[in-house]
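# An overview of the molecular structure
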Amino acid sequence: MAIAARILLLGGGNMGAAMLAGWLDKGVDPANVVVVDPRIGETLRPLVEERGVRHAEQVPAESFDVVVLAVKPQMMGEALAPLGTTLGPETFVISVAAGTTIATIEAGIGECAVVRAMPNTPALIGRGITGAFANARVDEAGRALADALLAASGPVEWVDREELIDAVTGVSGSGPAYVFHLAECLADAGVAAGLPADLAMRLARHTVAGAGELMIRSPEPPEKLRRNVTSPNGTTQAALDVLMAEDGLAPLMQRAVLAARDRAAALAKE
Ligand SMILES: NC(=O)C1=CN([C@@H]2O[C@H](COP(=O)(O)OP(=O)(O)OC[C@H]3O[C@@H](n4cnc5c(N)ncnc54)[C@H](O)[C@@H]3O)[C@@H](O)[C@H]2O)C=CC1
Ligand SMILES: O=C(O)[C@@H]1CCC=N1
């Protein structure tokens, strides 16, 4: 779907700029986007200076088809305050803020059509994935527009209960950080096994990236790909005996994901 909507993006930081880059790559006219942010960060700068997206420090007095909220949850009240006067009856809101509920958004700007979405930073290279929930006021056209905007950075998975967005946050919103940490741990373990640090990091980065790419390109599930690496009684089996022990990675990952999910729910109350 060609995206002709006029877009107001509040917050052009890591996530806002990543989504914006995706929209431009999908053919959104930069003249149709205004980014409101008190500062221009490194990711946003080329989009403004080289690709012609409009930047403003204050919400401009013009109408938009969609307002995308990409500020920190703690800044949401402040970011929503100036919107009261600019929202027209056709405008609708997409929020990517972790934890911020639709009720909080509606408390700030009144009842409106809201899509609450949870993307992730691989959006920056068009390899994100987004979970999304639409409230009852979002009509078919709004949902299609939200889908097109969010799909610019990867697949969109719609959920039918708002609270599931917190669980999505725990798995895929925060998930890239777990994978980067895995690469850090793998590299550190390589150093402990005797490798020079720079070589260990190269091995770890390429291993994580290559395994990720294989998982996306292969029709096989991760379990089969894991088995393909694991020779009976070989080296991988020795490592997996540690990782798959009762107190291994599975319970640790479960605790981590639940901690992120619960933190999202707690953010809603701050
Ligand atoms: N970074 C990530 O991996 C993900 C972040 N998110 C959500 O995206 C939102 C933004 O997170 P990041 O981009 O990481 O943070 P960030 O700190 O990189 O970006 C936030 C931006 O908002 C700007 N800002 C502050 N007050 C503002 C206001 N009143 N009006 C307009 N802009 C204002 C800041 O100057 C900053 O550039 C958060 O709510 C977060 O939960 C969602 C998915 C993934
Ligand atoms: O850490 C956070 O709160 C945000 C939400 C998901 C990823 N980063």
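Calculation criteria
Residues numbered from 1 in each chain as written. Chains lettered and ligands numbered in written order. Predicted model: local features only at pLDDT ≥ 70, side-chain atom pairs only at ≥ 80, totals over all residues. UniProt positions renumbered as here; feature names shortened; annotations may be inferred. Helix = DSSP H or I, 4+ residues; strand = E, 2+ residues; numbered from the N terminus. Contact = placed C-beta atoms within 7 Å. Buried ≥ 20, exposed ≤ 12 C-beta atoms within 10 Å, placed from the backbone. Near = placed C-beta within 6 Å. Nonpolar A, V, L, I, M, F, W, Y, C, P; charged D, E, K, R; others polar.

## Structural notes on the UniProt feature "binding site: NADP(+)" (unreviewed entry) in the protein chain
Mapped onto this numbering, the UniProt entry annotates "binding site: NADP(+)" (unreviewed entry) at Leu10, Gly11, Gly12, Gly13, Asn14, Met15, Ala70, Val71, Lys72 and Pro73. Maximum C-alpha separation among the annotated residues is 14.1 Å over a sequence range of 64 residues, consistent with a single clustered spot. With respect to the helices and strands, glycine 11 occurs in the loop between strand E1 (7–10) and helix H1 (14–25). If near-sequence neighbours (up to four positions away) are discounted, glycine 11 is found in contact with Gly16, Asp37, Leu69, Ala70, Val71 and Ala79. Take methionine 15: it is sitting in helix H1. When residues no more than four places from it in sequence are discounted, the contact partners of methionine 15 are Ala70, Val96, Pro119 and Thr121.

## Comments concerning the UniProt feature "domain: Pyrroline-5-carboxylate reductase dimerisation" (unreviewed entry) in the protein chain
When the UniProt feature table is mapped to this numbering, "domain: Pyrroline-5-carboxylate reductase dimerisation" (unreviewed entry) covers residues 162–266. A distance of 15 Å separates the end C-alpha atoms of residues 162–266, which is 80% helix and 0% strand.

## Some words on helix H6 (residues 164–173)
Burial runs high along H6: eight of the 10 residues are buried. Buried within H6 we find Ile165, Asp166, Ala167, Val168, Thr169, Gly170, Ser172 and Gly173. Looking at the buried positions of H6, the neighbouring elements they touch are strand E6 (114–118), strand E7 (130–134), helix H7 (175–192) and helix H11 (249–267).

## Section: the site of ligand 2
Around ligand 2, the neighbouring residues are Ala98, Thr169, Gly173 and Ser174. Partitioning the shell around ligand 2 into residue classes produces one nonpolar, three polar and no charged.

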